[in-house]
Amino acid sequence: MHLKTLFLALVAGAAAFPQAKPSEVHTTVARADETSDKLVFCHFMIGISSNRHSAADYDIDMQQAKDLGIDAFALNIGVDPYTDTQLAYAYESAARNDMKVFISFDFNWYHVDQAAAVGSKIAQYAGRPAQLMVDGKVFVSSFSGDGIDVAQIKSSAGRDIFWAPNYHPGVGNFGDVDSALNWMAWDNDGNNKAPKPGADVTVADGDQAFIDALGGKPYLAPASGWFFTHFGGEVPYSKNWVFPGDLLWYNRWNEILELSPRFVEIVTWNDYGESHYIAPLSSPHTDDGASKWVMDMPHSGWLEMSRPFIAAYKAGESSPNSYISEEKLIYWYRPTPRDIECDSTDTTMGGNPDNSTGNFFRGRPDGWETMQDEVFVVSLLTSPATIKVTSGDVEASFEAPAGASAYAVEMGVGQQTFAIVRDGETVLSDTSLKDIVDECICGIYNFNAYVGVVPPAETIDQLDSTGLAALGQGLMAPCPTNTLGARAARATA
Ligand SMILES: *[C@@H]1O[C@H](CO)[C@@H](O)[C@H](O)[C@H]1NC(C)=O
């Protein structure tokens, strides 16, 4: 089992939510002249895909990622017995789907004195057709790993590698790297938790620290939309916190367009346990205990939101607007107001979980105060329109320009409806499959996001039985399973 142990104004009426990074903002970082070498990666957790039985089980992920504009999956590996089987499937599937992959060594499991083992693992896969090559070298990345002997890795690998580890400025030796991945895609307190008064390290601060440490070498910048993890004493890896989410997915992509780094890594494809997945819930995976906050919480609308941003990034442009060909609304929200009281049934309240990591908190996730009780909407339009949002009893409308823009509406308990209106006519509209409720779903504090799209997907994205295997573990309240669409089913019954 793989686990990451390391680490708007409220619009009550009808005012547009200001974009965090209007295109007029100039950064001190020069934009790259060369755009053709820009690449987008997405972090893929091999540690939860041990239930895949053939290369074909990776085909849908490869096809969806490629279609979105992702160039390569960063295959995060630990040292589990199934790792080689799954790596081989992933490399084979990537090859036949015209995708690229590379290994990302996870130093929660590898140790920095294992440079020789890292090098020989690289050698095992480096010659396969789907291996990502950059500047003629075998691309390799990591999670953490500061201090490893890079010369030893290269001599064990027996070939030149493009070493893009997740070193930390001030810790790892940036003289040894070809690029570096910044993992911290969320504003934080400098200590792997949400910002606190007097301790706020923004994602942009992290960008600058990496750019400074890299001294002109290419930067591998992170992009993520969310972070919520809520493991209690029912598992040995208890941890419970959020980083600020809200409009992050939209704001960060605008920052990426301004920054225009050579590489971007989406964090992540399928780390359901930390709620930063963009893969469908149906992407095959095992249940590390996260299903209690992942069930009925699809995120694949975020794939759709990023599509024009990825195209603009690769073209070196600062606006996604000319890459919007299909009109859409992408919306998201937490399923309950943040003040809801779940202490009597929440899974983090019982027992005496190990807290040697400092990552375990009881009750509401640490950092919950950084999340706003709002519904977020990104409109992707080819011409101006009125966006109408009904969140429970709250009604709001916005005059949206052509292109991409974002809005926030005060969260209202009840149904959530979204519409694009032009000249008094509704062009597109839909009611979300997920109501906002004033109760503890499955008894727990669920600070994950529900992401929907107008027009909606044709099929309802759901966890399969393997993805739900640990659903009941630790729960102290009833937990109806796969409820999305139940309302519609009832209505037509
Ligand atoms: C776990 O450790 C962190 C860091 O020391 C601390 O802030 C937190 O309160 C601890 N959790 C519990 C439940 O005591």
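What counts as what
- Residues numbered from 1 in each chain as written.
- Predicted model: local features only at pLDDT ≥ 70, side-chain atom pairs only at ≥ 80, totals over all residues.
- Domains from an automatic or database assignment.
- Helix = DSSP H or I, 4+ residues; strand = E, 2+ residues; numbered from the N terminus.
- Nonpolar A, V, L, I, M, F, W, Y, C, P; charged D, E, K, R; others polar.
- Pairing = 2+ DSSP bridges.
- Axes fitted to C-alpha atoms, helices over the stretch in contact; angles between N-to-C directions.
- Buried ≥ 20, exposed ≤ 12 C-beta atoms within 10 Å, placed from the backbone.
- Right-handed = clockwise from strand over helix to strand, strands pointing away.
- Parallel < 35°, antiparallel > 145°, perpendicular 65-115°, else oblique.
- Left-handed = near helix turned anticlockwise from the far one by under 90°.
- Contact = placed C-beta atoms within 7 Å.

Where an unreviewed UniProt entry is consulted, the protein appears under the name Glycosyl hydrolase family 71-domain-containing protein, with the organism given as Aspergillus cavernicola.

Trainee: When you look at the domain arrangement of the protein in this model, what are you seeing that I'm missing?
Mentor: Accessible area lost on assembly of the parts is the figure often given for the size of an interface. Each domain of the protein was delimited in the assignment, giving domain 1 (39-322) and domain 2 (330-457 + 487-492). Each of domain 1 and domain 2 was reduced to a C-alpha centroid, and the two centroids are 26 Å apart. Secondary-structure elements contributing two or more residues to the side of domain 1 that touches domain 2 are strand 9 (228-231), strand 10 (239-242), helix 7 (291-294) and helix 8 (301-315). Tallying contributions element by element places helix 8 first for the side of domain 1 that touches domain 2, with 5 residues. In the side of domain 1 that touches domain 2, the residues fall into 19 nonpolar, 11 polar and 7 charged.

Trainee: I tried to follow the sheet that holds strand 12 (residues 328-333) on my own but got confused; where do I start?
Mentor: Sheet strands associate in pairs through backbone hydrogen bonding, adopting either a parallel or an antiparallel arrangement. Read from one edge to the other, the open sheet built from 4 strands follows the order 16-13-12-19, with strand pairing classed as antiparallel. Looking at the sheet topology across the chains shown, the edges are occupied by strand 16 (403-410) and strand 19 (450-454). The average undirected angle you get between the axes of adjacent strands in this sheet is 20 degrees. One ladder, built from 5 bridges, connects strand 12 with strand 19; its direction is antiparallel. Paired with Trp332 across the bridge in strand 19 is Val451.

Trainee: Teacher, can you tell me more about unusual backbone geometry here?
Mentor: Across residues other than glycine, the phi torsion is negative in most instances, and most of the peptide bonds are trans. The omega torsion of the bond from Val267 to Thr268 falls at 5 degrees, within 30 degrees of zero and hence cis. Topologically, Thr268 is positioned in the loop between strand 11 (263-266) and helix 7. Cis geometry marks the peptide bond from Val454 to Pro455, where omega comes out at 0 degrees. Assignment of secondary structure puts Pro455 in the loop between strand 19 and helix 9 (486-492). If you check the backbone angles, Ser144 has positive phi at about 65 degrees while not being a glycine. Tracing the chain through its elements places Ser144 in the loop between strand 5 (137-143) and helix 4 (150-157). Positive phi, close to 60 degrees, is recorded for Cys442, a residue that is not glycine. Among the structural elements, Cys442 can be located in the loop between strand 18 (425-431) and strand 19.

Trainee: Honestly, the pairing of strand 3 (residues 100-106) in this entry has me stumped. Any pointers?
Mentor: Two faces make up the sheet, and in a regular strand the side chains alternate between them. Taking burial as the measure, the 7 residues of strand 3 include 7 buried ones, the bulk of the element. The side-chain alternation of strand 3 yields two buried faces, one formed by Lys100, Phe102, Ser104 and Asp106 and the other by Val101, Ile103 and Phe105. Considered for its hand, the β-α-β crossover made up of strand 2 (residues 72-77), helix 2 (residues 83-96) and strand 3 is right-handed.

Trainee: I keep staring at the packing of helix 3 (residues 115-126) against helix 4 and nothing clicks. Help me out?
Mentor: Helix-helix packing: each pair is described by the crossing angle between the helix axes and the interaxial distance. Their axes nearest at 7 Å, the elements helix 3 and helix 4 cross at an angle of 40 degrees. Between helix 3 and helix 4, the angle is such that the two are oblique. Read as a crossing pair, helix 3 and helix 4 show a hand that is right-handed. Between helix 3 and helix 4, the residues in contact are Ala115, Ala116, Val118, Gly119, Ser120, Ile122, Ala123 and Ala126 and Gln152, Ile153, Lys154, Ser155, Ser156 and Ala157, respectively. Residue classes in the contact of helix 3 with helix 4 are distributed as 8 nonpolar, 5 polar and 1 charged.

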